[in-house]
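Structural overview
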Amino acid sequence: MSDREPIFVTQPALPDLEAFMPYLREIWDRRMLTNGGPMEQRLEAALCDYLGVKHISLFCNGTQALITAVQAAGLSGEVITTPYSFVATAHSLLWNHLTPVFVDIDPSTMNIDPARIEAAITERTTAILPVHCYGHPCDVQGIRQVAERHGLKVIYDAAHAFGVRDEGGSLLRHGDLSVLSFHATKVFSTFEGGAIICPDEATKRRVDQLKNFGLVPGGATVEFVGTNGKMSEIHAAFGLLQLEHLIEALDRRRLIDQRYREGLAKVAGIRCIDGVGEHLANHAYFPILVEPSYPLARDVLFEHLAAHQIHGRLYFQPLLSNLPMYRDLPSANPANLTVANRVVGQVICLPIYPNLEHETVDFIIGLIAGTNA
Ligand SMILES: *Cc1c(COP(=O)(O)O)cnc(C)c1O
């Protein structure tokens, strides 16, 4: 065992505690703690501005936002989605009494492969729920074309894609709705939190109502079976503070990403995953694939790193399609998902966060290259 400090895949960047005090004092003085207070309204405006979107509704977490987005889309029957994601993606369908239909991924991006979607469509299909995995953009045009041909809604799980832009602007403008997570492990965090990006004011009003029990504004009656998905003033205030440091944090992530890529480029059998197409990335994750030509098996490399206190993560193992509540679905058959089942045995997500020291990055590269151990 090594006597180094343990390094985990992510570490939240916390601003100076003193800087949070004025926000707290404001909340204490006002005594408005939640339910659409000024902090929530300010964070919504600030995020619209930062992200380049028109309408956003903040949530207590990304999972409630995802469940509510699926509910707001008014779906029935089957929804096509990816097996290569965090479990909240598929769970949001079960919470809405919908049947997930898994479609295999593109081995260059790990995102759902639009070319395989059409074959999975039946007369019960009502929507597609893709994920911008690791913050790398999906083939949004390919997905839109299939959706339009078959009259399907598209809801993006954009939990990894905060701040990502393509040549036309925010990646979050695509689809009927996009959903963000502000969990502590994400690029932008409010401790717990999330959001739905809405295309227009009417949709935002409906989503705001769904996250507030379905109450009509003013509370005279209840129109929908809504949930409590509201974000508190403290969480919103923390988001405002985080936003002040975000550009600097993204810049540090970019440099770490660059350092890994340069260092690992000459290691045979290790493949870094690139985002495809012109886009501004957020460097939320740093996944590598351990290919058969690498001298060690993936799990052996993973344990080797862990023995030196470098604790990567095997996102997204197990595949959603191999979990007990999904594995009996016809589409969950591994023969239907050969790329996802292969990739999930090759991936390791390496540590990446703003305060990760370049010396540690070099140490990790050395461990993988077999030059310093
Ligand atoms: C984090 C995450 C979620 C869930 O967000 P929470 O805020 O943790 O509830 C959903 N989908 C994906 C792909 C995620 O990574």
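Small disclaimer: the values here were computed from a predicted structure and weren't measured. (Residues numbered from 1 in each chain as written. Predicted model: local features only at pLDDT ≥ 70, side-chain atom pairs only at ≥ 80, totals over all residues. Heavy atoms only, no water.)

1. Points about the packing of aromatic side chains
Under the convention used in this document: Under the pairing criterion, centres of Phe, Tyr and Trp rings, with the six-membered ring standing for Trp, must be within 6.5 Å; the plane angle then separates stacked pairs below 30 degrees from edge-to-face pairs above 60, leaving the rest tilted. Helix and strand definitions follow DSSP, with helices as H or I runs of at least four residues and strands as E runs of at least two, each counted in order from the N terminus. Exposed residues in this analysis have more than 50% of their type's maximum accessible area, buried residues have under 20%, and partly exposed residues fall in between, with area computed by a 1.4 Å probe over protein chains only.
Applying the stated criterion across every chain yields a total of 15 aromatic pairs. With 6.2 Å between their ring centres and 40° between their planes, Phe-20 and Tyr-23 make a pair best called tilted. Taken together, the positions of Phe-20 and Tyr-23, both in helix 1 (residues 17-30) and three residues apart, correspond to about one turn of that helix. Classification of Tyr-23 as buried rests on a relative accessible area of 11%. Pairing Phe-102 with Tyr-326 gives two aromatic rings, centres 6.0 Å apart and planes at 85°, and the pair type is edge-to-face.

2. Observations regarding the site of the ligand
We count it as follows: What makes a residue near a molecule or strand is one non-hydrogen atom of that residue sitting within 4 Å of it. For the purposes of these results, a polar contact is taken to be a pair of N or O atoms within 3.5 Å, where, inside protein, one atom must be able to donate a hydrogen and its partner to accept one; residues adjacent in sequence count only when each atom of the pair is a side-chain atom. In these tables, accessible area is a Shrake-Rupley quantity obtained with a 1.4 Å probe, and a residue counts as shielded only by the protein chains included in the view. For this scheme, ten residues count as nonpolar: Ala, Val, Leu, Ile, Met, Phe, Trp, Tyr, Cys and Pro. Four count as charged, namely Asp, Glu, Lys and Arg, and the remainder, Gly too, count as polar.
The ligand sits among 14 residues. The nearest are Gly-62, Thr-63, His-160, Ser-181 and Lys-186. Here an oxygen atom of the ligand and a backbone polar atom of Gly-62 are 2.8 Å apart. The contact in question runs from an oxygen atom of the ligand to an N or O atom on the side chain of Lys-186, over 3.1 Å. Burial of the ligand by the surrounding chains reaches 93%, relative to a free accessible area of 380 Å². Contributing elements (two or more residues each) for the shell around the ligand: helix 3 (62-72) and helix 4 (88-95). For the shell around the ligand, the residue count by class is three nonpolar, nine polar and two charged.

3. Description of the domain arrangement of the protein chain
Rule in force here: For the purposes of this description, domain bounds are those given by an automatic or database domain assignment. Any pair of residues with heavy atoms lying within 4.5 Å of one another is described as a contacting pair. Summed over both partners, the accessible area (1.4 Å probe) lost when two parts come together is defined as the buried area. Only one rule defines a salt bridge in this text: a Lys or Arg side-chain nitrogen within 4 Å of an Asp or Glu carboxyl oxygen.
Examined at the domain level, the protein chain breaks down into domain 1 (17-244) and domain 2 (246-369). Using only C-alpha atoms to locate each centre, domain 1 and domain 2 end up separated by 25 Å. Listed per partner, the contact involves 42 residues of domain 1 and 38 residues of domain 2. Contact with domain 2 buries area across many residues of domain 1, yet Phe-102, Tyr-134 and Val-187 alone supply 22% of it, more than any other trio. Inspection of the region where domain 1 meets domain 2 yields zero salt bridges. For the interface between domain 1 and domain 2, the tally reads 17 residue pairs in polar contact (both at pLDDT 80 or more). Within the residue set of the side of domain 1 that touches domain 2, elements represented by two or more residues are helix 4, strand 4 (99-102), strand 7 (165-166) and helix 7 (233-244).

4. Quick word on the sheet that holds strand 15 (residues 347-350)
Two orientations exist for strands paired in a sheet by backbone hydrogen bonds: parallel and antiparallel. Selection criterion: Strand pairing is defined by DSSP finding a minimum of two bridges between the two strands. Lines are fitted to the C-alpha atoms to define the axes, a helix being fitted only along its stretch in contact, and any angle between axes, read from their N-to-C directions, falls within 0 to 180 degrees.
In space, the three strands of this open sheet follow the order 11-13-15, with antiparallel pairing throughout. Across the chains shown, the open sheet's two edge strands, defined by having one partner strand only, are strand 11 (270-272) and strand 15. Across the sheet, the mean angle separating the axes of adjacent strands is 30° when strand polarity is ignored. The strands touched by helix 8 (residues 246-264) are strand 11, strand 13 (286-290) and strand 15; relative to strand 13, the strand with the most contacts, the crossing angle is about 20°.

5. A word on the pairing of strand 4
Put simply, the rule reads: Here is how to tell: hold the view so the strands point away, follow the path from the first strand over the helix to the second, and if it runs clockwise the crossover is right-handed.
Bridge count between strand 3 (residues 78-81) and strand 4: four bridges; the pairing is parallel. Considered in strand 4, the bridge of Ile-80 is made with Val-101. For the crossover from strand 3 across helix 4 to strand 4, the handedness is right-handed.

6. As for the packing of helix 3 against helix 6 (residues 201-210)
A pair of packed helices is characterised by two quantities: the angle between their axes and the separation of those axes. As a reminder of what qualifies: Just so you know how the angles are binned, under 35 degrees is roughly parallel, over 145 roughly antiparallel, 65 to 115 roughly perpendicular, and the rest oblique. Throughout, a crossing is termed right-handed when the near helix is turned clockwise from the far one, and left-handed when it is turned anticlockwise from it by less than a right angle.
Between helix 3 and helix 6, the shortest axis-to-axis distance is 10 Å and the interhelical angle comes to 125°. By the angle between their axes, helix 3 is oblique relative to helix 6. The handedness of the crossing between helix 3 and helix 6 is right-handed. Residue-level inspection shows Thr-68, Gln-71 and Ala-72 of helix 3 in contact with helix 6, the latter providing Arg-206, Val-207 and Leu-210. Tallied by class, residues from the contact of helix 3 with helix 6 come to three nonpolar, two polar and one charged.

7. Focus: the pairing of strand 6 (residues 153-157)
Burial of strand 6 is extensive: four of the five residues sit out of reach of the surface. A crossover connection joins strand 5 (residues 125-129) to the parallel strand 6 through helix 5 (residues 140-150); in handedness this β-α-β unit is right-handed.

8. Concerning the nonpolar core
To keep it simple, the criterion reads: Only buried residues count toward a nonpolar core, which is a set of Ala, Val, Leu, Ile, Met, Phe, Trp, Tyr and Cys residues joined through side-chain atoms within 4.5 Å.
Grouped together as the largest cluster of nonpolar side chains are 75 residues, with contacts concentrated most on Leu-47, Tyr-84 and Tyr-134. Ranked by the residues each element gives to this core, the list is headed by helix 7, at six residues. Two domains share this core, each providing at least three of its residues, namely domain 1 (17-244) and domain 2 (246-369). Not counting residues within four places of it along the chain, the set of residues in contact with Leu-47 comprises Gly-52, Ile-56, Leu-58, Phe-162, Phe-182, Phe-188 and Leu-243. Formed by 27 residues, the second largest nonpolar core is a distinct cluster that contains Tyr-260, Ile-288, Leu-314 and Ile-365.

9. Quick look at helix 9 (residues 298-307)
Worth spelling out the cut-off: By construction, the arc corresponds to the directions joining the helix axis to the C-beta atoms.
Among the residues making up helix 9, those that are buried are Arg-298, Leu-301, Phe-302, Leu-305 and Ala-306. Looking down the long axis of helix 9, one finds its buried residues gathered within 140° of arc, a one-sided arrangement. Summarising the contacts, the buried residues of helix 9 are in contact with strand 11, strand 13, strand 14 (310-311), strand 15 and helix 11 (358-369).

10. Description of the pattern of salt bridges
One pass over the structure, following the stated rule, counts 22 salt bridges. A salt bridge links Lys-211 to Glu-40; the shortest N-O distance between them is 3.1 Å. Note that Lys-211 is positioned in the loop between helix 6 and helix 7 and Glu-40 in helix 2 (residues 38-51), a separation of 171 residues in sequence. An identical accessibility class is assigned to Lys-211 and Glu-40; each is buried. Salt bridges sharing common partners tie together Glu-40, Glu-44, Lys-204, Asp-208 and Lys-211.

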